[in-house]
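Analysis of the macromolecular model
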Amino acid sequence: ASVRRLCPLCPLNSLSLVSTVSTPGLSAVAFVKPRCDSSCNRNRPRRCKSSEHGSAAPKKRGQKNKQKKKKEELVRIDKLLAHRGVGTRSATFELAKARRVCWADSDDSTHEERTRIAGPKEKVPLGASLFLDGKLLPGALPLLIAYHKPKFVLSVMRDDIRWKDQARRHLGQVLEPRFLKGGIHPVGRLDYETTGLLLFSTDGKLTQQLLHPRRGVEKEYIATVEGAVDEGELSQTLAEGVETTEGIHTAELVKVTQSADGPSSEVDPSRSDASPQDDEKDDDEYCGPYSDVRLVVKEGKHRMVRRILANCGYPVVELKRLRHGEIRLRELPPGEFRNCSNEEIEWAESLLGR
């Protein structure tokens, strides 16, 4: 005997056959896999979702990504002007509203090749050349720039009003005006007395990737400490972890050498009681020896390097950052900036998955 049933998944499919076979002492049921006849259009997978035909073919991933990238390449003109340091969003809004801005594909374009902006909501390519009243505006701000932070400079864009009397120097005084208007910001901080490499970024997501402990971005320092350091013992202690008030922190010891210079004699200019050092030193003042300790950490807690070395019995008198990830200080003089190389930018963009 046989029973004919319709395929519940496809109204165009032929009837499936269910056959019942009986034998002496044994009965079995055999199911015949349903199949579609010629009237079922296989080019329309949405109408037929049977297991034989499968579901509709998914869209290629690249198509969505390309469309998304194309959308991201167009930016509102007032936002782009503000990002390039022309002014605040409200100021650039008024410039675009007054139709004083033009854009073109290249800096050397002629007047006829330029397109005048009709309003602040108009979108232009991210890498477009912009002209204000016929004059070429500066290009896009770099993704990253490196700065050699000198001693006695605060790693903030403005000092607290409570300490305004001391007139301490800060990063807001060393950056160019167009960088300040463009929203560039420091990647982390260095202590007031610490010198060395400090990065500036225009991308908040990149800053988070550079600083988050989960990413494990290395930071290399050289610290001048009091005393003769036992390299083997210190290396083992740092690898096992040093307990501080902020928790247990680990570090990798790179090298230990004897310091020839010792601590710097530079005086904080913001201190009103600062005076040149006397020829005669106090009896309780440390007179040496000093050691230079190079180490690598993967976190950026407040004064962490100073804490772990002091808890190991080696107080830090000078501290300098040499490297942040793949970006090095090199021979950059104190107080100077430099643009990051293409290789350094590629490494930074790899943290964002670009």
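Predicted, not measured: the structure shown is a model, and the values here were computed from it.

1. Observations regarding the overall build of the protein
Scanning the protein from N- to C-terminus turns up 8 helices and 20 strands. Burial analysis of the protein (354 residues in total) assigns 37% to the buried set. The long-range share in the protein, meaning contacts at least 24 apart out of those at least 6 apart in sequence, stands at 66%. Accessible surface, the protein: about 22,700 Å² in total, of which carbon and sulfur atoms supply 48%.

2. A closer look at helix α6 (residues 231-240)
One turn of the α-helix equals 3.6 residues, which is why residues spaced by three or four share an orientation. The N-cap of α6, judged by a side-chain oxygen 3.3 Å from the amide nitrogen of Gly 232 a few residues on, is Asp 230. One or two positions beyond α6, positive phi appears at Gly 241, with a value near 110 degrees.

3. Some points on the pairing of strand β12 (residues 195-201)
Counting buried residues in β12 gives 7 out of 7 residues, a clear majority hidden from the surface. Pairing between strand β10 (residues 144-149) and β12: 6 bridges, direction antiparallel. When the bridges of β12 are listed, Ala 146 appears paired with Leu 199. As judged from the 2 bridges shared by β12 and strand β18 (residues 316-324), these two strands associate in the parallel manner. Each residue of the ladder has a partner; that of Gly 196, found in β18, is Arg 321.

4. Some points on the pattern of salt bridges
For the coordinates displayed, the defined rule picks out 14 salt bridges. One salt bridge connects Asp 191 with Arg 303, and the closest N-O pair in it is separated by 3.9 Å. Of this pair, Asp 191 sits in the loop between β11 (185-186) and β12 while Arg 303 is found in the loop between β17 (290-297) and α7 (304-311), placing the two residues 112 residues apart along the sequence. Overall, the relative accessible area of 32% leaves Arg 303 in the partly exposed class. Arg 294 is the partner of Glu 220 in a salt bridge, and the nearest nitrogen-oxygen pair spans 2.6 Å. With Glu 220 in strand β13 (residues 219-226) and Arg 294 in strand β17, the pair connects residues that are 74 residues apart, well separated along the chain. Of the residues examined, Glu 220 reaches a relative accessible area of 6% and is grouped as buried. On the basis of relative accessible area, Arg 294 is assigned to the partly exposed category, the value being 29%. Among the charged side chains, a salt-bridge network with shared partners connects Asp 191, Glu 193, Arg 303 and Arg 306.

5. Description of the pairing of β13
Taken across its 8 residues, β13 has 6 buried, putting it largely inside the fold. Pairing analysis gives 8 bridges linking β13 to β17, with the strands arranged antiparallel. Each bridged residue has a counterpart across the sheet, and for Ala 223 the counterpart in β17 is Val 293. Bridge count between β13 and β18: 7 bridges; the pairing is antiparallel.

6. Re the packing of aromatic side chains
Within the structure shown, the criterion is met by 5 aromatic pairs. Relative to Phe 337, the ring of Phe 200 has its centre 5.9 Å away and its plane inclined at 55 degrees; by these criteria the two rings are tilted. Pair noted here: Phe 200 is in strand β12 and Phe 337 is in strand β20 (residues 337-339), with a separation of 137 residues, a long-range link. Classification of Phe 200 by relative accessible area gives buried; the value is 0%. Looking at Phe 337, the relative accessible area reads 28%, which means it is partly exposed. Arranged with centres 5.2 Å apart and planes meeting at 80 degrees, the rings of Tyr 286 and Tyr 290 form a pair that is edge-to-face. With a relative accessible area of 13%, Tyr 290 lands in the buried category. Within the aromatic cluster, the residues linked to one another by ring pairs are Tyr 147, Phe 200 and Phe 337. Just above the ring of Phe 131 sits the side chain of Arg 114; from NZ or CZ to the centre is 3.8 Å. Across from the ring centre of Tyr 192, 5.9 Å away, lies the NZ or CZ of Arg 168, which sits over that ring.

7. Here's the deal with the sheet that holds strand β6 (residues 115-116)
Strand order in the open sheet formed by 4 strands is β6-β5-β8-β9, with antiparallel pairing between adjacent strands. Single-partner strands in this sheet number two, and they are β6 and β9 (135-136). Pairing analysis gives 2 bridges linking strand β5 (residues 101-104) to β6, with the strands arranged antiparallel. Paired with Trp 103 across the two strands is Thr 115, which belongs to β6.

Rules behind the numbers
- Residues numbered from 1 in each chain as written.
- Predicted model: local features only at pLDDT ≥ 70, side-chain atom pairs only at ≥ 80, totals over all residues.
- Heavy atoms only, no water.
- Helix = DSSP H or I, 4+ residues; strand = E, 2+ residues; numbered from the N terminus.
- Buried < 20%, exposed > 50% of the residue type's maximum accessible area, 1.4 Å probe, protein only.
- Contact = heavy atoms within 4.5 Å.
- Areas by Shrake-Rupley, 256 points an atom, 1.4 Å probe, with all protein chains shown as cover.
- Polar contact = N/O pair within 3.5 Å; in protein donor to acceptor, adjacent residues only side chain to side chain.
- Pairing = 2+ DSSP bridges.
- Salt bridge = Lys/Arg side-chain N within 4 Å of Asp/Glu carboxyl O.
- Phe/Tyr/Trp six-rings, centres within 6.5 Å; stacked < 30°, edge-to-face > 60°.
- Lys NZ or Arg CZ within 6 Å of the ring centre and 35° of its normal.

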